[in-house]
Amino acid sequence: MSGTRSRDLNPNVQTAGSKNSPKKRLHPLAKTRTKRHALKGIQQLRAAIKQKSQPCLNDQRIPLEGTAPIANEALAVGNRIHRATKGAPFQALGNELALRFESRQGEWSVGHLLLFMNRQTPPRTSRVNAILRMLPQLSPSESVRRFSFNGTDCLYRDHLGRRVVADVEGFGSFSVQSEAKFTLVGQEGGVEMFDGTFTTFLVVAALEPGPIEVVVFLGRTTPVAGKIESVSLPFEGIGWFAGSSSAVELDDRHETISADLPFPFFRSIQGTGDAKIIRAEGKPFQLVDAFDIGDEQALKERKFKVQNISKLFDLGSTFPDGTPLAAKVASHLNAAVWRCSKPKGTTELNLRKTYDAFHGRQRAKVYVDGQVRGWWYEAGENRKNRWAVSDFGIIDPSLSDLEEIEIKIDPPGGSQLWSISRFELFAR
């Protein structure tokens, strides 16, 4: 990892068992200090249902600082649940899960997962049904990243010559499968951990050659849980893709997915046949603005301004799924600012760029209406299939009354140039 960034990895996981249940009868999922990835979590929960074990409780907290929009959304959901249940403890009966958010002295709880194993008792009250309708929630900042390398392959070599095989910024959870020794860069002492959570960033470095796979759930530290249903493709909606008989494409990202993990999608699934999904609450995102960096008229209409941008050049290459594209592309060093329209009442945004991935580790600070919304970071590079798509999600209730917003993308000094060919804004 380059010394230009000084960051700390602070997994903060707390787990607890039900106060009314003896420890020896708690499900193992409630006792582990680190989370298994989502698929394993779902499998364990299903196994617990079959065994009719005792209720289990998982509790994770992350600092409020730096995640205020997400925290506000979580608290809003918590308030809705509180009203729906009139303050009473809520339950999900059968094999359903309920998710609860709370605020506690500057922290917000990512979720209490309460699983009640009595499969013979169906939900009987409107309060329980109201909760099940609300959940699960899907944040636009949520995504799944899979990094898989063998031999001496990697994303890049850090300043110590180590193979960096995963590099993301934000919060979430991770799972590592490796035959090679590895370390979490930034973790004090370089601790090896196969499963866990992170609150700021995650960098995994392999210390020797060999196969290694890292799965990262950005924006999520609890297992994806909900009713799995079958739908015909193509499908428009929002939720998690949980599998299909053939490869599919999510949200026109030009990446072919064969799911053994729950991948979030926000607009559509493209493919043939049937797919298994877990629906999320709300409507799918809609495209509200788009422009190409080579369209002078579109840039003028949006009052696009940027310093130190390269000359436009034509790039003919392909996306990771082999889809060809010929378009203009440019890269800039300093901040780019422009204005764009969005429908009034929308509070969730998904910023997307189509760009040249010839250089990896592209990083920029994102502002919306002058407020910092986080870091947009793509560590990977691809010099064969150079076209790539990257997304950045935002939730902010204060955006509801606005019909026009200002977006600013500001790469820091010392980072790679920020590549852009096309920008799209989705909202709901």
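Calculation criteria
Residues numbered from 1 in each chain as written. Predicted model: local features only at pLDDT ≥ 70, side-chain atom pairs only at ≥ 80, totals over all residues. Heavy atoms only, no water. Phe/Tyr/Trp six-rings, centres within 6.5 Å; stacked < 30°, edge-to-face > 60°. Helix = DSSP H or I, 4+ residues; strand = E, 2+ residues; numbered from the N terminus. Buried < 20%, exposed > 50% of the residue type's maximum accessible area, 1.4 Å probe, protein only. Core = buried A, V, L, I, M, F, W, Y, C linked by side-chain atoms within 4.5 Å. Polar contact = N/O pair within 3.5 Å; in protein donor to acceptor, adjacent residues only side chain to side chain. Pairing = 2+ DSSP bridges. Axes fitted to C-alpha atoms, helices over the stretch in contact; angles between N-to-C directions. Lys, Arg positive; Asp, Glu negative; His and termini not counted. Salt bridge = Lys/Arg side-chain N within 4 Å of Asp/Glu carboxyl O. Contact = heavy atoms within 4.5 Å.

Peer 1: Explain the packing of aromatic side chains to me, and be specific about the residues and the numbers.
Peer 2: Under the counting rule described, the total for this entry stands at 11 aromatic pairs. Here the aromatic rings of Phe182 and Phe194 are separated by 5.2 Å at their centres, their planes lie at 90 degrees, and the arrangement is edge-to-face. With a gap of 12 residues between them, Phe182 in strand β10 (residues 182–184) and Phe194 in the loop between β10 and β11 (195–198) connect regions that are remote in the sequence. By relative accessible area, Phe194 is classed as partly exposed at 37%.

Peer 1: Explain the nonpolar core residue by residue, including any values.
Peer 2: In terms of nonpolar packing, the biggest core is built from 27 residues, with Phe147, Phe174, Leu202, Val204, Ile212, Val214 and Val216 touching the most fellow members. Counting residues per element, the ones that place at least two in this core are β6 (143–149), β8 (163–169), β9 (172–178), β10, β12 (201–206) and β13 (212–218).

Peer 1: Let's hear about the side chain of Asp195: which residues, and what values?
Peer 2: Among the secondary structure elements, Asp195 is positioned in strand β11. A residue is classified by how much of its surface remains accessible, and Asp195, at 5% relative accessible area, is buried. A distance of 3.1 Å separates a polar atom in the side chain of Asp195 from a polar atom in the side chain of Ser175.

Peer 1: So, the sheet that holds β6: which residues are in play, and what are the values?
Peer 2: Taken in spatial order, the four strands of this open sheet run β6-β13-β9-β11, and their pairing is antiparallel. The two strands at the open ends of the sheet, each matched to only one other strand, are β6 and β11. Here the strands of the sheet are splayed against their neighbours by 20 degrees on average, with no regard to which way each runs.

Peer 1: With reference to specific residues and values, describe the side chain of Arg267.
Peer 2: As for its placement among the helices and strands, Arg267 is situated in the loop between β19 (263–265) and β20 (268–270). Look at Arg267: it is buried, it has no salt bridge, and the nearest opposite charge is Asp251 at 4.4 Å. Those residues in contact with Arg267, other than ones at most four positions away along the chain, are Phe235, Glu236, Gly237, Asp251, Pro284, Phe285, Asn350, Arg352 and Phe426.

Peer 1: I'd like a description of the pattern of salt bridges, backed by residues and values.
Peer 2: Overall, the coordinates contain 20 salt bridges when judged by the stated rule. Salt-bridge contacts for Glu169 lead to Arg363; the nearest nitrogen and oxygen are separated by 2.7 Å. Residue Glu169 is found in strand β8, and its partner Arg363 is found in strand β28 (residues 362–368); the two are separated by 194 residues along the sequence. Just as Glu169 is buried, Arg363 falls in that class too. The partner of Arg352 in a salt bridge is Asp391, with the nearest N and O atoms 2.8 Å apart. Of this pair, Arg352 sits in strand β27 (residues 348–356) while Asp391 sits in strand β30 (residues 387–395), placing them 39 residues apart in sequence. Taking relative accessible area as the criterion, Asp391 reaches 22% and is therefore assigned partly exposed.

Peer 1: Lay out the pairing of β13 with the relevant residues and their values.
Peer 2: With six of seven residues buried, β13 lies mostly within the body of the structure. In this structure, β9 lies alongside β13, joined through seven bridges in antiparallel fashion. Residue pairing in the sheet places Ser175 in a bridge with Val215 of β13.

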